[in-house]
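Breakdown of the fold
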Amino acid sequence: DAPVGCILVCETCGRALSSYHMRAGFSFEDGLSDREFGVILRLADEDADGLLDREDYLLALGFNIFENRWRIYLHEPDKLEPWRTISGDRAGFLLPGRMNVLDVTVTDSGRRMEIRLNDRLLELLSGGEAEPNERSVAPWIDSGAVGLIGLGRGVQARFDDFRLEPAQ
């Protein structure tokens, strides 16, 4: 489909996660600073080949250090134009050399997703009717895999202290 730099799915985490809490530290390390890297929030890899194909669903969070921005991307299966940006804004990354901390909590049987960066709320996503201050996303799938992603070639990021546990 449309190439991304690299997709790394957490195999030990499982491919059908619905409610979970994920925490990871990250920093930009080297390369082209205008390229994005980030995390896979939800992936349904229909043929389990580790590649993003036409029939796959992907919800990903990308970080652009140069622009100091974050964006949430959706890759819709079987669409002529499969990519769209769901939301994005200024990020407030920590100074170079310090690890940023991302927290993602998915609850309500996989229908609600809270995303925080360095203890600041970035976005509340909903797979159903959105409450005030939530963003409804369609299409939405209630379960999938998580992992790391390079949204463009030529960027290097460091991830540390990746944790995944059931949501409380």
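In what follows, the accompanying structure is described. (Residues numbered from 1 in each chain as written. Predicted model: local features only at pLDDT ≥ 70, side-chain atom pairs only at ≥ 80, totals over all residues. Heavy atoms only, no water.)

**As for the overall build of the protein chain**
Keep this limit in mind: Per the convention used, a helix needs a DSSP run of H or I reaching at least four residues, while a strand needs a run of E reaching at least two, with both numbered from the N terminus. Only C-alpha atoms enter the radius of gyration; for comparison, a globular chain is expected to reach 2.2 Å times N to the power 0.38, where N is the number of residues. Burial classification: accessible surface area is computed with a 1.4 Å probe over protein chains only, and a residue below 20% of its type maximum counts as buried, one above 50% as exposed, and the rest as partly exposed.
Counting its secondary structure elements, the protein chain contains zero helices and 12 strands. When the helices and strands of the protein chain are placed in sequence order, the string is β-β-β-β-β-β-β-β-β-β-β-β. The C-alpha radius of gyration computed for the protein chain amounts to 15 Å, which stays within 12% of the reference 15 Å derived for 168 residues, consistent with globular compactness. Dimensions of the protein chain, computed from C-alpha atoms along their principal axes, come out at roughly 35 × 35 × 30 Å. By the burial criterion, 45% of the 168 residues in the protein chain qualify as buried.

**Points about the environment of Arg 23**
Note the threshold: Contact between two residues is taken to exist if any of their heavy atoms lie within 4.5 Å; hydrogens are not considered. Nitrogen and oxygen atoms within 3.5 Å of one another constitute a polar contact, given that in protein one can donate a hydrogen and the other can accept it, and given that sequence-neighbouring residues count only through two side-chain atoms.
With respect to the secondary-structure elements, Arg 23 resides in strand 2 (residues 20-31). The sequence separation of Arg 23 and Glu 131 amounts to 108 residues, and the corresponding C-alpha distance is 24 Å. Once residues within four sequence positions are removed from consideration, Arg 23 is found in contact with Val 101, Leu 102, Asp 103, Asp 161, Phe 162 and Arg 163. Side-chain polar atoms of Arg 23 contact the side chain of Asp 103, separated by 3.2 Å.

**Structural notes on the state of the cysteines**
Quick note on the threshold: Criterion for a disulfide: a pair of cysteine sulfur atoms within 2.5 Å.
Evaluated as defined, the whole model comprises one disulfide. Paired by a disulfide, Cys 10 and Cys 13 hold their sulfur atoms 2.1 Å apart. Note on the Cys 10 and Cys 13 pair: the S-S dihedral is about 70°, so by sign convention the disulfide is right-handed. In this structure, Cys 10 and Cys 13 share a single accessibility class: buried.

**Remarks on the environment of Glu 36**
The topology assignment puts Glu 36 in the loop between strand 2 and strand 3 (37-44). Linking Glu 36 and Gly 62, residues 26 residues apart in sequence, is a C-alpha distance of 5.7 Å. If we ignore the near neighbours within four places in the chain, the residues touching Glu 36 are Gly 62, Phe 63, Asn 64, Arg 71, Tyr 73, Gly 150, Leu 151, Gly 152 and Val 155. A distance of 3.2 Å separates polar atoms of two side chains, one belonging to Glu 36 and the other to Arg 71. Among the polar contacts made by the side chain of Glu 36, one reaches the side chain of Tyr 73 at a distance of 2.7 Å.

**Details of the nonpolar core**
Our working rule: In this description, a nonpolar core means a group of buried Ala, Val, Leu, Ile, Met, Phe, Trp, Tyr and Cys residues linked to one another through side-chain atoms lying within 4.5 Å.
With 33 residues, the main nonpolar core has Leu 41, Leu 59, Leu 61, Val 104, Met 113, Ile 115 and Leu 125 as its most contacted residues. Every element with two or more residues in this core is listed here: strand 2, strand 3, strand 4 (57-64), strand 5 (69-75), strand 7 (100-107), strand 8 (112-117), strand 9 (120-126) and strand 11 (145-150). Not counting residues up to four positions away in its chain, the partners in contact with Val 104 are Tyr 20, His 21, Met 22, Leu 41, Met 113, Glu 114 and Ile 115.

**Things to note about the sheet that holds strand 3**
Inclusion rule: For two strands to pair, DSSP has to find at least two bridges joining them. Convention adopted: a line fitted to C-alpha atoms gives each axis, helices being fitted over their contacting stretch, and angles between N-to-C directions are expressed from 0 to 180 degrees.
Read across the open sheet, the six strands follow the order 1-11-3-4-5-6; overall the sheet is antiparallel. Every other strand in the sheet has two partners, leaving strand 1 (6-9) and strand 6 (83-90) as the edge strands with one partner each. Sheet twist, expressed as the average angle between the axes of neighbouring strands with direction ignored, equals 20°.

**A closer look at the pattern of salt bridges**
Let me state the cut-off plainly: By salt bridge we mean one thing: a side-chain nitrogen of Lys or Arg within 4 Å of a carboxyl oxygen of Asp or Glu.
For the coordinates displayed, the defined rule picks out 12 salt bridges. Arg 15 is paired through a salt bridge with Glu 11; the nearest N and O atoms lie 2.8 Å apart. For Glu 11, a relative accessible area of 52% puts it in the exposed group. One salt bridge in this structure joins Arg 135 and Glu 123, with 3.0 Å as the shortest N-O distance. A residue pair is termed long-range when its members are at least 10 positions apart, and Arg 135 in strand 10 (residues 135-136) and Glu 123 in strand 9 qualify at 12 residues. Classification of Glu 123 as buried rests on a relative accessible area of 9%.

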